Amino acid sequence: MRLSRNAMGTLFVGGALSLTLGALAYPSMLGLDTVSTSTDRIIANTQWGPLTEGDRAFVVAVRAAGLWEYPVGQIGLQKGQSKGVLTASQHLIDGHAALDTTCRKIAPMLNITLPNIASPQQEGFVNTLKADSGKQFDVDFANILRQTHGSIFNTVAKIRSTTKNTLVRALADQANDTVLDHITVMEKTGLVDFDTTLFNQTTPPKIPKSDMTPPVPPVGQPLIVLTPPPNATSTPVDISGDLSGAGTNSQ
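Here the structure is a predicted model, which means the values were calculated and not measured.

A. Fine view of the overall build of the chain. Across its full length, the chain holds 8 helices and 2 strands. By residue count, 53% of the 251 residues in the chain fall in the buried class. In the chain, the proportion of contacts linking residues at least 24 apart, taken out of those at least 6 apart, comes to 85%. For the chain, the exposed area adds up to about 11300 Å²; of that, 55% sits on carbon and sulfur atoms.

Written out as structure tokens, the structure reads:
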């Protein structure tokens, strides 16, 4: 049985996870929501170029994506029934570990606070897959992950084409390659219901924006590290060339 059009779009956890505080720290809309017009507002002028609200939201969103997709990859290696799902699970772990390393490198340089927990909506996806078993797990896995990666793909492209910050641009380059790879491996499972997935992808769920915002971690809480697998093939961005600030005026 495949997920209905509304089911995948409305899966989220209803608990309170410091949502008000999260909305204040991450004022731009995250998750699968459309980027708002306020994202062009410059919030800091750094040696790597101006940082906008959209840039900051993007870095946070990449981190939040890894916080749920990395564990989903681990779950997939345990519960996946098909070779395609097992392969896709390996790609999730590998790709998001590398992206997470880049996020944790550039966030303090840009004075960006990173979350330690994914958004309530994203946690809802994890809970759905934890509860699944057998063939249903594979079907839900492929469709949820294809939907979420398809939804963020255009946002990655927009950030890459518009940001004036060289560190954010480097992360967008890496994210573009990773998201496209994950879209591809989900499709190769042969389980994606494209009609339903594309409908959900282009019709944002009608849930509170706060449910698409990861909570802010307590002050001083160590960042969770997404450890690369022993056979990692994805690599974090080398930002050594940006440390001098040579890219300040790069377009």
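Having put the structure on the table, let's press on.
B. Highlighting the side chain of T52. Relative to the helices and strands, T52 resides in strand 2 (residues 49–52). Its relative accessible area of 16% is what places T52 among the buried residues. Those residues in contact with T52 that lie beyond four places of it in its chain are T39, D40, R41, I42 and I43.

C. Expanded view of the nonpolar core. Counting residues in hydrophobic clusters, the biggest one holds 26 residues, and the most contacted among them are F58, V59, I106, L110, I112, V168 and L171. Every element with two or more residues in this core is listed here: helix 3 (53–79), helix 4 (83–109), helix 6 (134–162) and helix 7 (166–187). Element by element, the count of residues in this core is highest for helix 7, at 8 residues. Core analysis: the next-biggest nonpolar cluster, separate from the first, contains 25 residues, W68, V85, F137 and M186 among them.

D. Examining the environment of L110 more closely. Of note, L110 is situated in the loop between helix 4 and helix 5 (120–131). For the pair L110 and L51, spaced 59 residues apart in the sequence, the C-alpha separation amounts to 7.9 Å. For L110, the contacting residues outside a window of four places in its chain are T46, W48, L51, N165, L167 and V168.

E. Representation of the environment of L51. If you trace the backbone, L51 turns up in strand 2. Using a relative accessible area of 1% as the deciding quantity, one classes L51 as buried. Along the primary structure L51 and D40 are separated by 11 residues, whereas in three dimensions their C-alpha atoms are 9.0 Å apart. Discounting chain neighbours no more than four positions away, the residues touching L51 are R41, I42, I43, A44, T46, R56, L110, I112, N165 and V168.

F. Geometry of helix 7. Its 22 residues place the ends of helix 7 32 Å apart at the C-alpha level, agreeing with the 32 Å of an ideal helix rising 1.5 Å per residue. A side-chain oxygen of the first residue of helix 7 lies 3.1 Å from the backbone nitrogen of L167; this N-cap is N165.

G. Layout of the pattern of salt bridges. Applying the stated criterion to the full structure yields 5 salt bridges. Measuring nitrogen to oxygen at the nearest pair gives 2.6 Å for the salt bridge that ties R63 to D100. Note that R63 is positioned in helix 3 and D100 in helix 4, a separation of 37 residues in sequence. Judged by its relative accessible area of 3%, D100 is buried.

Rules of the game
For every chain, the first residue of its written sequence is number 1, and the numbers climb from 1 along that sequence. Selection of residues for local features in this predicted model requires a pLDDT of at least 70, selection of side-chain atom pairs for listing and counting requires 80 or more, and totals for whole chains, interfaces and linings are taken over all residues. Just so you know, side-chain values use all the structure's heavy atoms and leave hydrogens and water out. By the criteria applied, helices consist of DSSP H or I runs no shorter than four residues and strands consist of E runs no shorter than two, each listed in order from the N terminus. Per-residue accessibility, obtained with a 1.4 Å probe over protein chains only, is compared with the maximum for each type, and a residue is labelled buried under 20%, exposed over 50%, and partly exposed between these values. Contact criterion: two residues are considered in contact whenever any of their non-hydrogen atoms come within 4.5 Å of each other. Note on areas: Shrake-Rupley, 1.4 Å probe, and residue coverage restricted to the protein chains presented here. Among buried residues, the Ala, Val, Leu, Ile, Met, Phe, Trp, Tyr and Cys ones that are joined through side-chain atoms within 4.5 Å form a nonpolar core. The span you would expect from a helix comes to 1.5 Å times its residue count less one. Pairs of N or O atoms within 3.5 Å make up the polar contacts considered here, provided that, within protein, one atom can donate a hydrogen while the other can accept it, and that residues adjacent in sequence are counted only when both atoms are side-chain atoms. The salt bridge definition used is simple: a Lys or Arg side-chain nitrogen within 4 Å of an Asp or Glu carboxyl oxygen.

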